[in-house]
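So the chains spell out like this:
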Amino acid sequence: MIHYKTPAEIELMRDSALLVSKTLTEVAKVLQPGMTTLQLDKLIADFIRDNGAIPSFLNYRGYPFASCTSVNDVVVHGFPNGQALREGDIVSIDIGVIKKGYHGDHAYTFAIGDPGPEIMQLIRVTKESLYKGIEKAVAGGRVGDISYAIQEHTEKKYGYGVVRELVGHGLGRHLHEDPQVPNYGRRGTGGKLKEGLVLAIEPMINLGRREVYTESDGWTVRTFDHRPSVHFEHDVAIRKNKADILSDYSIIEAAEKANPYLVTGESVLSQ
Ligand code: MF3
Ligand code: CO
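Residues numbered from 1 in each chain as written. Chains lettered and ligands numbered in written order. Predicted model: local features only at pLDDT ≥ 70, side-chain atom pairs only at ≥ 80, totals over all residues. Heavy atoms only, no water.

Participant: Quick one: what's the story with the pattern of salt bridges, residue by residue and with numbers?
Facilitator: The final tally for this structure, using the stated rule, is 16 salt bridges. The residue E215 makes a salt bridge to R222 at a minimum N-O spacing of 2.3 Å. Among the charged side chains, a salt-bridge network with shared partners connects E11, R14, R239 and D244. (Salt bridge = Lys/Arg side-chain N within 4 Å of Asp/Glu carboxyl O.)

Participant: Just give me the short version of the coordination of the cobalt ion (ligand 2), but keep the residues and values in it.
Facilitator: For the cobalt ion (ligand 2), the protein coordination sphere consists of D105 (OD), H169 (NE2), E202 (OE) and E233 (OE), at 2.1 to 2.3 Å. Considering all six donor atoms around the cobalt ion (ligand 2), angles at the metal cover 67 to 168 degrees and the coordination shape is irregular. (Donors = N, O, S within 2.8 Å, 3.2 Å for Na, K, Ca; no water. Tetrahedral: all angles 85-135°; square planar, octahedral: opposite > 155°, others 65-115°.)

Participant: Give me the lowdown on the site of ligand 1, citing residues and values where you can.
Facilitator: Ligand 1 sits among 13 residues. The nearest are D94, D105, H169, H176 and E233. Contact distances for ligand 1 include 2.6 Å between a nitrogen atom and a side-chain N or O atom of D94. One of the side-chain nitrogen or oxygen atoms of H176 is found 2.9 Å away from an oxygen atom of ligand 1. Compared with its free state, where it exposes 330 Å², ligand 1 has 95% of that area covered by protein. More than half of the atoms belonging to ligand 1 lie within 2 Å of the grid points that define the largest pocket. In terms of residue class, the shell around ligand 1 is built from six nonpolar, three polar and four charged. (Near = heavy atom within 4 Å. Polar contact = N/O pair within 3.5 Å; in protein donor to acceptor, adjacent residues only side chain to side chain. Areas by Shrake-Rupley, 256 points an atom, 1.4 Å probe, with all protein chains shown as cover. 1 Å grid on protein atoms, 1.4 Å probe; cavity = no way out; pocket = protein on both sides within 12 Å on 5 of 7 lines; lining within 4 Å. Sits in = over half its atoms within 2 Å of the grid points. Nonpolar A, V, L, I, M, F, W, Y, C, P; charged D, E, K, R; others polar.)

Participant: Go over the packing of aromatic side chains with me, naming the residues and quoting the values.
Facilitator: Working definition: an aromatic ring pair is given by the centre-to-centre distance plus the angle between the planes. Counting across every chain of the model gives 11 aromatic pairs. Between Y158 and Y160, the aromatic rings sit 5.6 Å apart at their centres with planes inclined by 15 degrees, giving stacked as the arrangement. Judged by its relative accessible area of 5%, Y160 falls in the buried class. Aromatic side chains F232 and Y249 sit 6.0 Å apart centroid to centroid with 65 degrees between the ring planes, which places their arrangement in the edge-to-face category. Within this pair, whereas F232 is found in the loop between β13 (229–231) and β14 (234–238), its partner Y249 is found in helix α5 (residues 249–258), the two being separated by 17 residues in sequence. For the pair shown, F232 and Y249 are each scored as buried. Connected via pairs of aromatic rings, a cluster forms that spans Y108, F110, Y131, F232 and Y249. Sitting over the ring of Y184, R164 keeps its end group 4.8 Å from the ring centre. (Phe/Tyr/Trp six-rings, centres within 6.5 Å; stacked < 30°, edge-to-face > 60°. Buried < 20%, exposed > 50% of the residue type's maximum accessible area, 1.4 Å probe, protein only. Helix = DSSP H or I, 4+ residues; strand = E, 2+ residues; numbered from the N terminus. Lys NZ or Arg CZ within 6 Å of the ring centre and 35° of its normal.)

Participant: A description of the packing of helix α3 (residues 117–135) against helix α4 (residues 143–158) should follow, citing residues and the corresponding values.
Facilitator: Orientation of α3 relative to α4, taken along the N-to-C sense of each, is 155 degrees, at an axis distance of 7 Å. The orientation of α3 relative to α4 falls into the category roughly antiparallel. The two elements α3 and α4 meet at a crossing, and its hand is right-handed. Across the interface between the two elements, Q121, R124, V125, E128, S129, K132 and G133 of α3 pack against I146, A149, I150, H153, T154 and Y158 of α4. Looking at side-chain class alone, the contact of α3 with α4 contains five nonpolar, five polar and three charged residues. (Axes fitted to C-alpha atoms, helices over the stretch in contact; angles between N-to-C directions. Parallel < 35°, antiparallel > 145°, perpendicular 65-115°, else oblique. Left-handed = near helix turned anticlockwise from the far one by under 90°. Contact = heavy atoms within 4.5 Å.)

Participant: So what's going on with the pairing of strand β5 (residues 102–112)? Residues and values would help.
Facilitator: Burial runs high along β5: 11 of the 11 residues are buried. With burial as the criterion, each face of β5 is covered, one bearing Y102, G104, H106, Y108, F110 and I112 and the other bearing H103, D105, A107, T109 and A111. As judged from the 11 bridges shared by strand β4 (residues 89–99) and β5, these two strands associate in the antiparallel manner. Residue pairing across strands places I95 opposite H106, the latter belonging to β5. Linking two consecutive strands that pair antiparallel, namely β4 and β5, is a turn of two residues; a positive phi of about 45 degrees is found at K100 within it. (Pairing = 2+ DSSP bridges.)

Listed below in structure tokens is the structure:
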């Protein structure tokens, strides 16, 4: 069942999404080689609680942490652990909160030190594909328009692997609501996009083959060929003439640029 939100509910959801953006900004400020994802997870849980919200991933279907920290060949749902991050690692940080009854759920992939041009391109193109999908997230369109835009930009144009097993989703009082939003599909197919629908759009794109497997912990999703994977996620409300992006990358990107340990797509392109 699809839940359409009123303008007042969308403002509450913007607040939840922005709290995730602010939490990701705190991560962007402190990320550096030698740090562990478990340290990040503690910072994330504390920051969310200090801001009067609940970390929504914790205990969701038994998930044991406040964040998903997915390093290199981990696609999504990586457990925070005590292993030090190293120069050349890429890490997707995915965070969820519940505030005033509404969920925020979004993610960003950081490069710690320079992982090299091939992986930096994967990061840039995956982020671009998220915005290509968001462009299609307007009333009157179809879910398949979003899916197609993401697949075209990543698989067709660059030959990357588009993960099939995991998809984006509706967002609201629940973390996962209808409809599903695959990162592959055909234009003009799937459910109609109507005003008030809020979606978490989240391309998961592999440098190599699209196949993935889940580890015996029941959560960690890895690429089958162990080549790296990138994940970006925004929360988006469907409006009449434009997509309304509720989460905010600008504050994360500013902190990313200011952190000398992080390599950004831009700095590589301008070299
Ligand atoms: N962004 C992920 C998703 O939408 C986060 C879920 S992780 C979980 O599926 F721990 F909450 F399951
Ligand atoms: Co999500």
